[in-house]
Amino acid sequence: MTTTPAAPHVSGTAVDLEISRIGGRIGAEVHGLDLAAEGALVPEVVAGVNNALLEHKALVFRDQRLDDAGQLRFASLFGELTTAHPTVPSVDGQPRILPVDGDEGIRANHWHTDVTFVRTPPKASTLRALVVPPYGGNTLIANTAAAYQDLPEPLRELADRLWAVHTNAYDYAEPKNETAAEHRRRFVSRRYRTAHPVVRVHPESGERGLFIGGFAQSLVGFGPSESRDLLRLLQSYVVRPENLVRISWNPGDLVLFDNRITQHYAPDDYGDQPRLLHRVTVAGDAPVGVDGGHSYVVEGDDAAHYTPAAA
């Protein structure tokens, strides 16, 4: 069914946005909102977008006319911004923008939550499509709160007590070329290991979600084999098809997703076709577990050069 864009309706302190769900458990498109229009993003609209983000976890804004400055301005409405990445270079002259460039070997074809190897990972991420391939190149996003609810009760009770060590330095797949190899060397040029609760309590909604993904490489108190088996079991609930939404990109599209309660994956299925996105991330706080414990650094620093939340 086709929806007709309409102007947002103001109700109380937030705007009732025109939204259509695109996944059964995650994902929605926001209609009738021009993110580049002067005066469009008033506080009531921002509050409405934030409410929708908490409900749907990932929001798609189609056919936007944003440039880099516009993307930075939009992302900053949800909090202080991080720099592009703790170890990987930014777009030239734009220290807060990470180029996600398939030609440069940056293909995030593993399930992960952004930058969980630091103590205070991003609150939210924005991705803006500049160049998209004629086929493939989609992004999958998973609802980790739904995954947690899917767990059998005994497994959920175990997960509530587990802590995982996340790191940026582990055995990646063999780089396909020298460009990809250089990207990997930069990625691990500064080593981080951080312990996070396996079940994170969302600081705004109070929902519980599985806070794991590709950077989670071991469980506190477990050996390597047991860690792999348990993490693989928990991750299997995250990537169930009913917990996913697939974003098909067009140039100009922008996606905002809640990094505290999602994972994402960009399938490497577009061959040598060009694909370029720009990422801007909002600084987040230290995750809190069911028992009230906060994440802590195991190895490395607090990444203060990357995120203001480190303070």
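Predicted, not measured: the structure shown is a model, and the values here were computed from it.

Novice: Can you help me understand the overall build of the chain in this one?
Specialist: If you tally the helices and strands in the chain, you get six helices and 18 strands. For 311 residues, the compact-globule formula gives about 19 Å, and the C-alpha radius of gyration of the chain, at 19 Å, lands near that figure. Principal-axis analysis of the C-alpha atoms places the extent of the chain at approximately 55 × 45 × 40 Å. Burial analysis of the chain (311 residues in total) assigns 52% to the buried set. Partitioning the contacts of the chain with sequence separation of at least 6, the portion at a separation of at least 24 is 82%. Total accessible area computed for the chain in this model is approximately 13400 Å², and 50% of it derives from carbon and sulfur atoms. Considering the chain, the positive charge centre built from 29 side chains and the negative charge centre built from 39 side chains are found 4 Å apart.

Novice: Which parts of the structure should I look at to understand the layout of surface pockets?
Specialist: Empty space within the second largest pocket amounts to approximately 300 Å³. Lining the second largest pocket we find Trp-111, Tyr-170, Ile-212, Gly-213, Gly-214, Ala-216, Gln-217, Arg-228, Leu-231, Arg-232 and Gln-235. For the lining of the second largest pocket, the secondary-structure elements that each account for two or more residues are β13 (216-219) and α6 (224-238). Top element by residues in the lining of the second largest pocket is α6. It accounts for four residues. In the lining of the second largest pocket, the residues fall into five nonpolar, four polar and two charged.

Novice: I tried to follow the pairing of strand β14 (residues 244-247) on my own but got confused; where do I start?
Specialist: Along a regular strand, successive side chains alternate from one face of the sheet to the other. Along β14, the buried face is formed by Val-245 and Ile-247; none of Leu-244 and Arg-246, which line the opposite face, is buried. Two elements, strand β8 (residues 139-143) and β14, share four bridges in a ladder whose sense is antiparallel. Looking at the pairing, Thr-139 lines up with Ile-247 of β14.

Novice: What should I look at first to understand the packing of helix α4 (residues 153-161) against α6 in this one?
Specialist: Angle between the axes and distance between the axes: these two values describe a pair of packed helices. Where α4 contacts α6, the axes come no closer than 12 Å and their chain directions differ by 115 degrees. Both α4 and α6 take part in a crossing whose hand is left-handed. On α6, the residues touching Leu-155, Leu-158 and Ala-159 of α4 are Leu-230, Leu-233, Leu-234 and Tyr-237. Residues belonging to the contact of α4 with α6 are distributed by class as follows: seven nonpolar, no polar and no charged.

Novice: I tried to follow the sheet that holds β13 on my own but got confused; where do I start?
Specialist: As a general point, the strands of a sheet are linked pairwise by backbone hydrogen bonds and lie either parallel or antiparallel. Strand order in the open sheet formed by four strands is β13-β9-β10-β18, and the pairing between neighbours is antiparallel. The strands lining the two open edges of the sheet, one partner per strand, are β13 and β18 (296-299). Here the strands of the sheet are splayed against their neighbours by 35 degrees on average, with no regard to which way each runs. Across three bridges, the pairing between strand β9 (residues 163-167) and β13 is antiparallel. Its bridge partner lying in β13, Ala-164 is registered against Leu-219.

Novice: Got a minute to help me understand the environment of Val-238 in this structure?
Specialist: Secondary-structure assignment places Val-238 in helix α6. Considering only alpha carbons, one finds Val-238 and Phe-78, 160 residues apart in sequence, at a separation of 26 Å. Look past the residues within four positions of Val-238 in its chain and what remains in contact with it is Ala-142, Thr-144, Ala-147, Leu-210, Ile-212, Asn-243, Leu-244 and Gln-263.

Novice: Honestly, helix α2 (residues 68-76) in this entry has me stumped. Any pointers?
Specialist: An α-helical turn contains 3.6 residues, so a residue and the one three or four places further along point in the same direction. Among the residues making up α2, those that are buried are Asp-68, Gly-70, Gln-71, Leu-72, Phe-74 and Ala-75. In this structure, the buried side of α2 is in contact with β5 (58-61), β7 (124-131), β15 (254-258) and β17 (276-282). The opening residue of α2, the one whose side-chain oxygen lies 3.3 Å from the backbone nitrogen of Ala-69, is Asp-67.

Novice: Explanation requested: the nonpolar core in the structure shown.
Specialist: Taken as a class, soluble globular proteins show a tendency for nonpolar side chains to be buried jointly. Ranked by internal contacts, the top residues of the largest apolar core, which has 26 residues, are Leu-33, Val-49, Leu-59, Phe-61 and Leu-256. Elements supplying a minimum of two residues to this core: β4 (28-31), α1 (43-56), β5, α2, β15 and β17. In terms of residue count, α1 provides more of this core than any other element does, five residues in total. Setting aside its immediate chain neighbours within four residues, Leu-59 contacts Ala-28, Val-30, Val-49, Ala-52, Leu-53, Leu-254, Val-255 and Leu-256. Within the second largest apolar cluster, 25 residues are counted, among which are Val-118, Ala-129, Ile-247 and Tyr-306.

Novice: What is the right way to look at the packing of aromatic side chains in this model?
Specialist: For any pair of aromatic rings, the description rests on two quantities: the centre-to-centre distance and the angle between the ring planes. Following the criterion strictly, the structure yields eight aromatic pairs and no others. Taking 5.3 Å as the distance between ring centres and 75 degrees as the angle between the ring planes, the aromatic pair formed by Phe-74 and Phe-78 counts as edge-to-face. Judged by relative accessible area, Phe-74 falls into the buried class, the value being 1%. Under the relative-accessibility criterion, Phe-78 is labelled buried at 8%. Taking 5.8 Å as the distance between ring centres and 70 degrees as the angle between the ring planes, the aromatic pair formed by Phe-117 and Phe-187 counts as edge-to-face.

Rules used throughout
- Numbering of residues starts from 1 in every chain and runs along the sequence as written.
- Restriction of local features to residues with pLDDT of at least 70 applies here, the model being predicted, together with a cutoff of 80 or more for giving and counting side-chain atom pairs; totals for whole chains, interfaces and linings are based on all residues.
- Here the side-chain values reflect all heavy atoms present in the structure, with hydrogen atoms and water set aside.
- A helix here means a DSSP run of H or I that spans at least four residues, while a strand means a run of E at least two residues long, and both kinds are numbered starting from the N terminus.
- In this setup the radius of gyration rests on C-alpha atoms only. A globule is expected at 2.2 Å times the number of residues raised to 0.38.
- Residue exposure (1.4 Å probe, protein chains only): buried if accessible area is under 20% of the type maximum, exposed if over 50%, otherwise partly exposed.
- Note on contacts: a residue pair is in contact if any heavy atoms of the two residues lie within 4.5 Å.
- All accessibility values rest on the Shrake-Rupley procedure with a 1.4 Å probe; residue burial counts only the protein chains present in the view.
- By the counting rule applied here, Lys and Arg register as positive and Asp and Glu as negative, while His and the ends of each chain are not counted.
- The location of each charge is read from NZ of Lys, CZ of Arg, CG of Asp or CD of Glu.
- For cavity detection a 1 Å grid was placed over the protein atoms alone, and a set of points counts as a cavity when a 1.4 Å probe fits there but cannot get out; an open set counts as a pocket when protein lies on both sides within 12 Å along at least five of seven lines, with lining residues being those that have an atom within 4 Å of a point.
- Grid points are joined across faces, edges and corners, and a volume is the space filled by probe spheres set on the points.
- Any residue outside Ala, Val, Leu, Ile, Met, Phe, Trp, Tyr, Cys, Pro, Asp, Glu, Lys and Arg is labelled polar, Gly included; the first ten of those are nonpolar and the last four are charged.
- DSSP calls a pair of strands paired once it identifies at least 2 bridges connecting them.
- Each axis is a line fitted through C-alpha atoms, taken for helices only over the stretch in contact, and angles between the N-to-C directions span 0 to 180 degrees.
- Two helices cross in a left-handed way if the nearer one is turned anticlockwise from the farther one by less than a right angle. They cross in a right-handed way if the turn is clockwise.
- We define a polar contact as two N or O atoms separated by no more than 3.5 Å, with the added condition that, inside protein, one atom must be a possible hydrogen donor and the other a possible acceptor, whereas residues neighbouring each other in sequence contribute only through side-chain atom pairs.
- To form a nonpolar core, buried Ala, Val, Leu, Ile, Met, Phe, Trp, Tyr and Cys residues must be joined to one another through side-chain atoms within 4.5 Å.
- Centre distance within 6.5 Å is the pairing criterion for rings of Phe, Tyr and Trp, where only the six-membered ring of Trp is used; planes under 30 degrees apart are then read as stacked, over 60 as edge-to-face, and the remainder as tilted.

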